[in-house]
Amino acid sequence: MPDEPSEEMTELSFWDALDEPERDALREAGREREFRPHDEPLCFEGDASSTNVVIILSGWAKVTSPTPSGRQVVFAVRGPGDVVGEISALFRRPRTATVEALDEIRALTVPASRFTTLLDEHPRCWWPLTATIVGRMDELGNRLRWHAEADGKRRLAHLLVYLAETSLRYQKRGPEGIEILPRLSHTELGSWVDASRETAARGFHELRRRGLVTTGWKRITVLDLQGVRDYAAGPAQG
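Since the model is a prediction, treat every value here as computed from it, not as a measurement.

## What to know about the packing of aromatic side chains
The full count for this structure, using the stated rule, is three aromatic pairs. Here the aromatic rings of Trp-60 and Tyr-170 are separated by 5.2 Å at their centres, their planes lie at 80°, and the arrangement is edge-to-face. In this pair, Trp-60 is assigned in the loop between strand E2 (52–58) and strand E3 (61–66) and Tyr-170 in the loop between helix H6 (152–167) and strand E8 (178–179), connecting sequence segments 110 residues apart. Relative accessible area serves as the criterion here: at 7%, Trp-60 is assigned to the buried category.

Below, the structure written as structure tokens:
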């Protein structure tokens, strides 16, 4: 492993932080696949037989898990350049969540044994992989803070800030605002922040009333990112 990562490397996605020889080695080790909504997921929760690491080259996916009552909860989204299934592959553990396509995905699937061999042969790859794992720990920490400090509507606003900032990594701010690229329903977004469908609807109604967002079917545009931040940071309401 090199002495230290560059600042740019820690901010890029896993795939984007690799150099071209490292990407070529992964392409040679794996194969490209396509995934579509409502078809086979990229990986299944609890699956102990799959040992592939999946690198998303284009498209968006959602990370989900069911509650004991059967309700499907969204935990995260993964987009272009993100790696999926790396922990299960490295430590031979069952998948901890299901990852499903939100739109058409082009991905590179790499057998775990070949992935770990590549890490040994190209030790610089450990830095973007480690940065990915640390970033996901930060995601979890932020989610816990939202739950501790904010009501359901403001947790939703925190989430929209996060998704808008994530979307800005892949596009410029448009003249009408920031389009949220992962296409999630209001119900899915509500499940992410542990808010009921009704609470999520009230949250979106309030944000629209304030002129901060516009919404459509699985389409959200943030008109005023700082305004959504300020709303999210406001006092919780009963």
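Past the structure itself, the notes keep going.
## Side note on the sheet that holds strand E10 (residues 219–222)
One open sheet holds the three strands; their spatial order is E8-E10-E9, and the pairing between them is antiparallel. At either end of the open sheet lies a strand with only one pairing partner, and these are E8 and strand E9 (213–216). In this sheet, E10 lies alongside E9 in antiparallel orientation, the contact comprising four bridges. Looking across to E10, one finds that Gly-216 is bridged to Arg-219.

## Considerations on the side chain of Glu-86
The residue Glu-86 is located in helix H3 (residues 86–91) in this model. Judged by its relative accessible area of 5%, Glu-86 falls in the buried class. In this structure, Glu-86 is in contact with Val-53, Leu-129, Ile-133 and Arg-136, ignoring residues within four places of it in sequence.

## Observations regarding empty space enclosed by the protein
The final tally for this structure, using the stated rule, is one cavity of 30 Å³ or more. Size it by volume and the largest cavity reaches roughly 40 Å³. In this structure, the largest cavity is lined by Ile-180, Pro-182, Arg-183, Leu-184, Leu-189, Lys-218, Arg-219 and Ile-220. Of the residues that constitute the lining of the largest cavity, the class distribution is five nonpolar, no polar and three charged.

## Here's the deal with the sheet that holds E3
The antiparallel open sheet is built from three strands, whose spatial order is E4-E3-E6. Edge positions in the sheet fall to strand E4 (72–78) and strand E6 (98–101), since each of these pairs with one other strand and no more. Taken over all neighbouring pairs, the strand axes of this sheet differ in orientation by 35° on average, direction set aside. Pairing geometry for E3 and E6, over four bridges, is antiparallel. If you follow Thr-64 over to E6, its bridge partner there is Thr-98.

Analysis parameters
- Residues numbered from 1 in each chain as written.
- Predicted model: local features only at pLDDT ≥ 70, side-chain atom pairs only at ≥ 80, totals over all residues.
- Heavy atoms only, no water.
- Phe/Tyr/Trp six-rings, centres within 6.5 Å; stacked < 30°, edge-to-face > 60°.
- Helix = DSSP H or I, 4+ residues; strand = E, 2+ residues; numbered from the N terminus.
- Buried < 20%, exposed > 50% of the residue type's maximum accessible area, 1.4 Å probe, protein only.
- Pairing = 2+ DSSP bridges.
- Contact = heavy atoms within 4.5 Å.
- 1 Å grid on protein atoms, 1.4 Å probe; cavity = no way out; pocket = protein on both sides within 12 Å on 5 of 7 lines; lining within 4 Å.
- Points joined across faces, edges and corners; volume = space filled by probe spheres on them.
- Nonpolar A, V, L, I, M, F, W, Y, C, P; charged D, E, K, R; others polar.
- Axes fitted to C-alpha atoms, helices over the stretch in contact; angles between N-to-C directions.

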